[in-house]
Amino acid sequence: MDSSLHRYRTQLETTPWFRELPVELRDDLIRHASLLTLEKGEFLYRRGERSDGLYAVLGGALAIGTVGVDGKEALLAVLGSTAWVGEISLFDGLPRPNDAIAVSRTLLLHVPEAALQDLLDTTPRYWRDFALLMAQRLRVSFENAEAMTLLPAAQRVANRLLTIAGGYGGLNAAQSRIRLSQDSLASMVSLSRQTTNQLLKNLESQGIVTLKSGEIAILDFDRLRAVSLGDPNP
């Protein structure tokens, strides 16, 4: 392994899942890893492809979802720095369940499938560590599904912005500036672009967020949280 990879270890240890792994497992993952760079719009993998291991985002971001034959996008998440992806296929051995596409120029750490299987065959207790990663992702997915069903539009948008800014419950680093188009956000919350744009403009007029092309910056987390809870005067 290229010794320069060790400098990314500190970055990965800023989020809970990797930081709480046994030190020897962290060592092994870094030792077997290599770096990969994707340009904006390039696929890391497509739905239905065979698994080739785990990836961690070191810079940029990945859009996780599916693009239908008609071009319509079902966007589940946009994962940024320190997020890990690919663990589902590690467990069931089935093809990738969704697409992963670079939102911008993205640097990734790749741990190949063969190395992971060797680690798990040698030390079966590591399965629990990867199960915790999948459980964390499932928990966030359930919370998002619940919000989609129960919350009105304004609360839905505010809730999803908080989820992304909070790093999906610790899946990746927290952020106050979200690189996300309004079209993508609309897809994530199952609203039209027009409705999403109006709700964002309302938040901007209240000084809660600022909007730029492809970016939403959160200025006041407390007031955004109040909107997500249905407060009419945040």
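Residues numbered from 1 in each chain as written. Predicted model: local features only at pLDDT ≥ 70, side-chain atom pairs only at ≥ 80, totals over all residues. Heavy atoms only, no water.

**Side note on the pattern of salt bridges**
Filter applied, for reference: Whenever Lys or Arg places a side-chain nitrogen within 4 Å of a carboxyl oxygen from Asp or Glu, that contact is recorded as a salt bridge. Each helix is a run of H or I in the DSSP string that is no shorter than four residues. Each strand is a run of E no shorter than two, and both are numbered from the N terminus. Buried, partly exposed and exposed residues are distinguished by accessible area as a fraction of the type maximum, computed with a 1.4 Å probe on protein chains only: under 20%, between the cut-offs, and over 50%, respectively.
Counting across every chain of the model gives 11 salt bridges. Taking the shortest distance from any N to any O, the salt bridge between Arg9 and Asp27 comes out at 2.4 Å. Of this pair, Arg9 sits in helix H1 (residues 9–12) while Asp27 sits in helix H3 (residues 23–31); the two residues are 18 residues apart in sequence, bridging distant segments of the chain. Classification of Arg9 by relative accessible area gives buried; the value is 14%. Asp27 sits in the partly exposed class, given a relative accessible area of 31%. Through salt bridges with shared partners, a single network forms among Arg9, Glu13, Arg26 and Asp27.

**Things to note about the domain arrangement of the chain**
The test is simple: Domain start and end points were adopted from an automatic or database domain assignment. Note on contacts: a residue pair qualifies if any of its non-hydrogen atoms lie within 4.5 Å across the two residues. Note on definitions: buried area is the accessible-area loss of two parts on being combined, 1.4 Å probe, summed for both.
Domain boundaries assigned for the chain yield domain 1 (5–142) and domain 2 (152–229). Centre-to-centre separation of domain 1 and domain 2, based on C-alpha positions: 24 Å. The partner domain 2 presents 13 residues to the 19 residues of domain 1 that form the contact. For the pair domain 1 and domain 2, the summed buried area comes to about 1,200 Å², and 58% of that belongs to carbon and sulfur atoms. Considering only the side of domain 1, the residues that lose the most area to domain 2 are Leu75, Val78 and Val140, jointly responsible for 36% of the buried surface there. Where domain 1 meets domain 2, there are 0 salt bridges.

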